[in-house]
Amino acid sequence: MVKAYLRYEPAASFGVIVSGESNIAYDSSGKHLLTAALEKVGVWHVRQGVCTKNLAPSSSNSKGLSVAVTSIASSSSSLIASGYADGSIRIWDLEKGICETTLNGHKGAVTATRFNKLGSLLASGSKDNDIILWDVVGESGLFRLRGHRDQVTDLVFLDSGKKLVTASKDKFLRVWDLDTQHCMQIISGHHTEIWSIDIDPEERYLVTGSADPELRFYTIKHDSADGQLIANKSETDVNKDLPTENKWEVLKPFGEIQRQSKDRVGTVRFNKSGNLLACQVAGKTVEIFRVLDESESKRKAKRRISRKKEKKAAKEGLEATEKGETDIGAEEGSNPVVTVMDIFKLLQTLRAGKKISSISFSPVTSKNSLATLALSLNNNLLEFHAIESSSTTKLSAIELQGHRSDVRSVTLSSDNTLLMTTSHSAIKIWNPTTGSCLRTIDSGYGLCGLFVPGNKYAVVGTKGGTLEFIDVRSGTCVDVVEAHGGSVQSITLTPDGTGFLTGSADHDIKFWEFQMVQKAGEGSKHLTASATRSLKMNEDVLVVAVSPDGKYIAVALLDSTVKVFYMDSLKFFLSLYGHKLPVLCMDISSDGDLLVSGSGDKNVKIWGLDFGDCHKSLFAHADSVMGVKFVRNTHYFFTAGKDRLVKYWDADKFELLLTLEGHHAEVWCLAVSNRGDFIVTGSHDRSIRRWDRTEEPFFLEEEKEKRLEEMFESDIDNAFENKYGPKEELPEEGAVALAGKKTQETLTATDSIIDALDMAEAELKRIAEHEEDKSKGKISEFRPNVLMLGLSPSDYVLRALSSVHTNDLEQTLLALPFSDALKLLSNLKDWACIPDKVELVCRIATVLLQLHHHQLLSTVSSRPLLTILKEALHARVKECKDALGFNLAAMDHLKQLMSMSSDALFRDAKAKLLEIRARSTKRIEARADTKQEKKRKKKQKKLDVGHVWS
């Protein structure tokens, strides 16, 4: 009989507050901060400091692979966009916490995303050098813009979404006209890669940040209704010397400001009101600039000019001073030339404790400060700072829900209700079920740990050679014992639970016994331990394991061997050699028959403890094996490696059962629950992951076939013609292409459409034959094809087309042969009569006409079909537009009626409006009265003067 195993599935992931690969962003309300936490988007409540939601792709969509979030953008509504390392983009509804749609188009990681002001369009840039414009409402790609020669780093909409400015590592800025879909301006001048760009809310200035020592500023020209260019006043002031205006010049250089830091710029962002500009560098500082308004900047320019004149006059003497005074008067009378230094003034420099990954301004400003700035640091930490006119104040930090560095060890309590993790400066106690952090204890660099029987205390071995005794209930360190001269590499409990063993880099193995002691001046007793005996080795001890029956001690040494000793007499029993590199982890099965060792040579060896023979050597991981643990009372075991994978094995059959993917960096440690119902892993990516055993059985052969299929599917993108065919040529200047990309889903959709067309054709043939037989007098009952689900042939094909995702439609139709495209076109006339399918029919017709234009022109039989379609589609689209227009007008009318009949919602606003109007009317009347009074007095004065003269 074939043996069945139970599957393990990813259940929870916690410990990551913010990962450094992506930016952070506030939502439109300013209450929540959106952060990337590896493959999830964390939604943090700013005031409460808790994670209210985790937006993670469902496991069915992600095929078990976890892809990191690389970019986040929030819109003016409740929608947010997250870009991923595989090039996909997901649109989420923040209120509901669900994924609205997934957009596939980029071939490289998404590096920048930005919504337009309305939130109807989304622009995305990627490592594949392309920019794609997405229709958020229609959930489809509009077009792809090509022209950059290196990855796109940032982008921003201009002119209410009519233009797009993009920055790239190729040192160029490009301005794209989205109506005509072409590049209208290329701006050079940067000496290094441009990393970030932004515009102020009023769209007057654009700022760029690169590795150059200065920030560059550009003024923005806007198109008016008659097509003429409008510039702001400061721009006309600075550029009035230029003789001609260039029609295509949207951005004009305005000036440069020297930065304080020598590091490259990470992010430049204006706040919502536009009075502050923050420049975050790749180090620990954020430079904050004050943006002066027009009157302040003019005043500053006048002061600068007058100081300049005074200095010049002082040099040239008294005569020059008199002349200078007249010049000053003339200069001050006219508009002074406002420079970039007059508008942007360095306010202060904010310094963080660690390297800053990203920044974001809160859209809501508190009364006491100019703005609130959120920082994400590269040590898994979020900070919030209030920016005031003279200083910055740290408001709060989100830090307790994760470690500052790698998780080096994970340990489960005997009842599996507590989980202890160690890192370079802290020990954390977690609830493994909910993923909530219960206790945080400051400590040394913890390398290993264990729970003392009873789960009230825990012991941690540190890099400094000490043992730290932790009271779990109070979350305090009750004792520190100097245990070894080198780092404590391994710690294991004795089978009777009265003590433990430690192995260290000082070549010693020590045996310890638990003791309860009372310090002088303290009322209560606490736990400590005393060394009872020790065993000296010739090399550094890396791992210590004790057999469950307490008979043997296994010791892994730096010389790549495993030595086995008798526990009672400490006499040598066996030497297990065969690994080419040191053994980094090992475990002994519950029955004491098998020992499994994992090594830096990427192999796992299964040994028999009776004779010390190697049962099997398995090539387990693509990098060092860092952790190995048996499932209790079985011969199944788990391994964790530096290749980011966790694997499940059968030690009797020497077979790989499952591969668990999820971590984004090296997996350092793992722990298995007593019942084997879940495992916990800790990693260099600072995440702690729980994998639960499900009730779903699987079979070894099926799993092997599935792995082969996955290998085959992953190779589709790297097919022979892709690998060895000619490389894609560099795109033309400002080239436009289709937004989508070929994926496994689009190929499957194409196959389903072709199958539906073939089935429909066969069914139509059967119907025709039946009708012919009926006309000849042969009476037979017609039985429709059950596979068509009771639908007519035309409806069955329409069902197959309707099931294709909106974003994948173009790529799906692109793979259809011309003969099948003709069959589809012949059905479009009937489908156009269905009101809710008009949009789909128009899209299919447009795409097919674009793809097969030349063939359709040369195919005589297609001309009558196209003529019929032209008439039918135009009429149907007009009907739809009329219906939509009628509905909109009716809704407006209803809104007016409602506001007239009940003004409860708008009563306060109306009252305020009436009050403001009354005040302004009074003011205007008062001014008019004053003017009339002045005129009357002036007239009277003239009359009086006339009388005097006469």
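What you are looking at is a predicted structure, and each value in this text was computed from that prediction instead of being measured. (Residues numbered from 1 in each chain as written. Predicted model: local features only at pLDDT ≥ 70, side-chain atom pairs only at ≥ 80, totals over all residues. Heavy atoms only, no water.)

Caption draft 1: Geometry of the overall build of the chain. Helix and strand counts for the chain come out as 15 helices and 59 strands. Looking at the chain residue by residue over its 950 residues, the buried ones come to 49%. Within the chain, contacts between residues at least 6 apart in sequence are counted, and of these 51% link residues at least 24 apart. Roughly 47900 Å² of accessible area belongs to the chain as shown, and the carbon and sulfur atoms make up 53% of that amount. (Helix = DSSP H or I, 4+ residues; strand = E, 2+ residues; numbered from the N terminus. Buried < 20%, exposed > 50% of the residue type's maximum accessible area, 1.4 Å probe, protein only. Contact = heavy atoms within 4.5 Å. Areas by Shrake-Rupley, 256 points an atom, 1.4 Å probe, with all protein chains shown as cover.)

Caption draft 2: Structural detail: the packing of helix α8 (residues 744-775) against helix α9 (residues 793-802). In the contact formed by α8 and α9, the axes pass within 9 Å of each other and the chain directions differ by 175°. Here α8 lies roughly antiparallel to α9, going by the angle between them. When α8 is examined against α9, the residues Ser752, Ile753, Ala756, Leu757, Met759, Ala760, Glu763, Leu764 and Ile767 are found in contact with a partner set consisting of Pro793, Tyr796, Val797, Ala800 and Leu801. (Axes fitted to C-alpha atoms, helices over the stretch in contact; angles between N-to-C directions. Parallel < 35°, antiparallel > 145°, perpendicular 65-115°, else oblique.)

Caption draft 3: View of the sheet that holds strand β1 (residues 4-14). What the 4 strands build is an open sheet, ordered β1-β58-β57-β56; its pairing is antiparallel. Unpaired on one side and paired on the other, β1 and β56 (667-672) mark the two borders of the sheet. Within the sheet, the average angular offset between the axes of one strand and its neighbour, ignoring direction, is 30°. Where β56 meets strand β57 (residues 678-683), 5 bridges bridge the pair, whose relative direction is antiparallel. Paired with Leu670 across the strands is Thr681, a residue of β57. (Pairing = 2+ DSSP bridges.)

Caption draft 4: Fine view of the packing of aromatic side chains. Considering all chains together, one arrives at 19 aromatic pairs under this definition. Each ring, one from Tyr552 and one from Phe573, has its centre 4.9 Å from the other, and the planes form 5°; the classification is stacked. Of this pair, Tyr552 sits in strand β45 (residues 552-557) while Phe573 is found in strand β47 (residues 572-576), placing the two residues 21 residues apart along the sequence. By way of ring pairs, the aromatic residues Tyr5, Tyr8, Tyr636, Phe638, Tyr648 and Phe698 are connected into one cluster. Directly above the aromatic system of Tyr445 lies the positively charged group of Lys463, at a separation of 4.9 Å from the ring centroid. (Phe/Tyr/Trp six-rings, centres within 6.5 Å; stacked < 30°, edge-to-face > 60°. Lys NZ or Arg CZ within 6 Å of the ring centre and 35° of its normal.)

Caption draft 5: Structural detail: a nonpolar patch on the surface. Taken together, the side chains of Leu738, Leu814 and Leu851 make up a nonpolar region of the molecular surface, amounting to roughly 210 Å² of accessible area. Tracing the backbone through its elements, the reader meets Leu738 in the loop between β59 (735-737) and α8. (Patch = residues over 30% accessible without salt bridge, like charges linked within 9 Å, V, L, I, M, F, W, Y side chains within 5 Å. Salt bridge = Lys/Arg side-chain N within 4 Å of Asp/Glu carboxyl O.)

Caption draft 6: Quick look at the sheet that holds strand β8 (residues 88-93). What the 4 strands build is an open sheet, ordered β6-β7-β8-β9; its pairing is antiparallel. The open sheet has two edge strands, β6 (69-74) and β9 (98-104), and neither has a second partner. With direction set aside, neighbouring strand axes in the sheet form an average angle of 20°. In this sheet, strand β7 (residues 79-84) lies alongside β6 in antiparallel orientation, the contact comprising 5 bridges.

Caption draft 7: Examining the pattern of salt bridges more closely. Considering all chains together, one arrives at 28 salt bridges under this definition. Between Asp198 and Arg114 there is a salt bridge, with the nearest N and O atoms lying 3.1 Å from each other. Taken together, the residues Asp198 in strand β18 (residues 194-199) and Arg114 in strand β10 (residues 110-115) connect sequence positions 84 residues apart. Since its relative accessible area comes to 18%, Arg114 is described here as buried. Three or more residues joined by partner-sharing salt bridges are found here, namely Arg114, Asp154, Asp198 and Arg269.

Caption draft 8: Looking closely at unusual backbone geometry. Here Asn455, not a glycine, exhibits a phi torsion of approximately 60°, which is positive. Positive phi is not limited to glycine here, since Phe654 has a value of about 55°. Inspection of the secondary structure assignment puts Phe654 in the loop between β54 (645-650) and β55 (655-661). Residue class for Phe654 comes out partly exposed when judged on its relative accessible area of 28%.

Caption draft 9: Representation of the packing of helix α11 (residues 818-831) against helix α14 (residues 862-901) in the model. Relative to each other, α11 and α14 sit at 35°, their axes nearing to 9 Å. In the crossing of α11 with α14, the sense of the turn from one axis to the other is left-handed. From α11, Leu822, Leu825, Ser826, Leu828 and Lys829 reach across to α14, where they touch Ser862, Leu865, Ile868, Leu869 and Ala872. Taken together, the residues that form the contact of α11 with α14 break down as 7 nonpolar, 2 polar and 1 charged. (Left-handed = near helix turned anticlockwise from the far one by under 90°. Nonpolar A, V, L, I, M, F, W, Y, C, P; charged D, E, K, R; others polar.)

Caption draft 10: Representation of the pairing of strand β26 (residues 285-291) in the model. Most of β26 is tucked away: 6 of the 7 residues are buried. In terms of strand pairing, strand β25 (residues 276-281) meets β26 through 5 bridges, oriented antiparallel. Considered in β26, the bridge of Cys279 is made with Glu287. With antiparallel pairing between neighbouring strands as the criterion, β25 and β26 make up a hairpin whose turn holds 3 residues. Examined bridge by bridge, β26 and strand β27 (residues 344-351) share 7 bridges and lie antiparallel to one another. The residue of β27 that forms the bridge with Glu287 is Thr349.

Caption draft 11: A look at the nonpolar core. Counting 34 residues, the largest nonpolar core has Leu813, Leu824, Leu828, Trp831 and Ile844 as the members making the most contacts within it. Of all the secondary-structure elements, those providing two or more residues to this core are α8, α9, α10 (809-814), α11, α12 (838-851) and α14. The element contributing the most residues to this core is α12, with 8 residues. Excluding its chain neighbours within four sequence positions, the residues that come into contact with Ile844 are Leu801, Leu809, Leu813 and Leu828. The next biggest cluster of nonpolar side chains, apart from the first, holds 19 residues, and it includes Phe254, Ile257, Val268 and Ile343. (Core = buried A, V, L, I, M, F, W, Y, C linked by side-chain atoms within 4.5 Å.)

Caption draft 12: Looking closely at the side chain of Ser687. Take Ser687: it is sitting in the loop between β57 and β58 (688-699). Looking at Ser687, the relative accessible area reads 0%, which means it is buried. A polar contact of 3.3 Å, which involves the side chain of Ser687, links it to the side chain of His663. Polar contacts involving the side chain of Ser687 include one to the side chain of Asp685, which spans 2.6 Å. Ser687 has contacts with Ser13, Phe14, Val16, Leu38, Val407, His663, Thr681 and Gly682, leaving out every residue within four places of it along the chain. (Polar contact = N/O pair within 3.5 Å; in protein donor to acceptor, adjacent residues only side chain to side chain.)

Caption draft 13: Structural context of α11. The end-to-end C-alpha distance of α11 is 20 Å, a good match for the 20 Å that 14 residues give at a rise of 1.5 Å each. Considered for burial, the residues of α11 that qualify are Phe818, Asp820, Ala821, Leu824, Leu825, Asn827, Leu828 and Trp831. Structurally, α11 contributes buried residues whose contacts are with α8, α9, α10, α12, α13 (853-858) and α14. (Expected span 1.5 Å × (residues − 1).)

Caption draft 14: Region of the structure containing a positive patch on the surface. Residues Arg299, Arg303, Arg307, Lys311, Lys315 and Lys345 make up a contiguous surface patch of positive charge. The dominant element in the positive patch, judged by the number of residues it contributes, is helix α3 (residues 294-316), at 5 residues. With respect to the element layout, Lys315 can be found in helix α3. Lys315 gets classed as exposed once you look at its relative accessible area, which sits at 75%. (Lys, Arg positive; Asp, Glu negative; His and termini not counted. Charge placed at Lys NZ, Arg CZ, Asp CG, Glu CD.)

Caption draft 15: Looking closely at the environment of Val459. Structurally, Val459 can be placed in strand β37 (residues 457-462). Residue Val459 is classed as buried on the basis of its relative accessible area of 0%. Separated by 68 residues in the primary sequence, Val459 and Leu527 place their C-alpha atoms 9.7 Å from one another. In contact with Val459, other than residues within four places in its own chain, are Met420, Cys448, Gly449, Leu450, Val452, Leu467, Glu468, Phe469, Ile491, Phe500 and Phe514.

Caption draft 16: Highlighting the environment of Gly449. The residue Gly449 is located in strand β36 (residues 446-451) in this model. With relative accessibility at 13%, the residue Gly449 sits in the buried group. For the pair Gly449 and Thr462, spaced 13 residues apart in sequence, the C-alpha separation works out to 8.9 Å. When residues no more than four places from it in sequence are discounted, the contact partners of Gly449 are Ser409, Thr411, Met420, Val459, Val460 and Ile491.

Caption draft 17: Structural detail: the pairing of strand β30 (residues 381-387). Taken across its 7 residues, β30 has 7 buried, putting it largely inside the fold. A two-sided burial pattern is seen for β30, the buried positions comprising Leu381, Glu383, His385 and Ile387 on one face and Leu382, Phe384 and Ala386 on the other. Across 7 bridges, strand β29 (residues 371-377) lies against β30 in antiparallel orientation. Along β30, the bridge assignment pairs Ala371 with Ile387. The turn joining β29 and β30, which pair antiparallel and follow one another in sequence, is formed by 3 residues; a positive phi near 65° is taken by Asn380. Bridging between β30 and strand β31 (residues 392-398) involves 6 bridges; their strand directions are antiparallel. Bridge pairing in β31 places Ile387 opposite Thr392. Connecting the antiparallel pair β30 and β31 is a turn made up of 4 residues.

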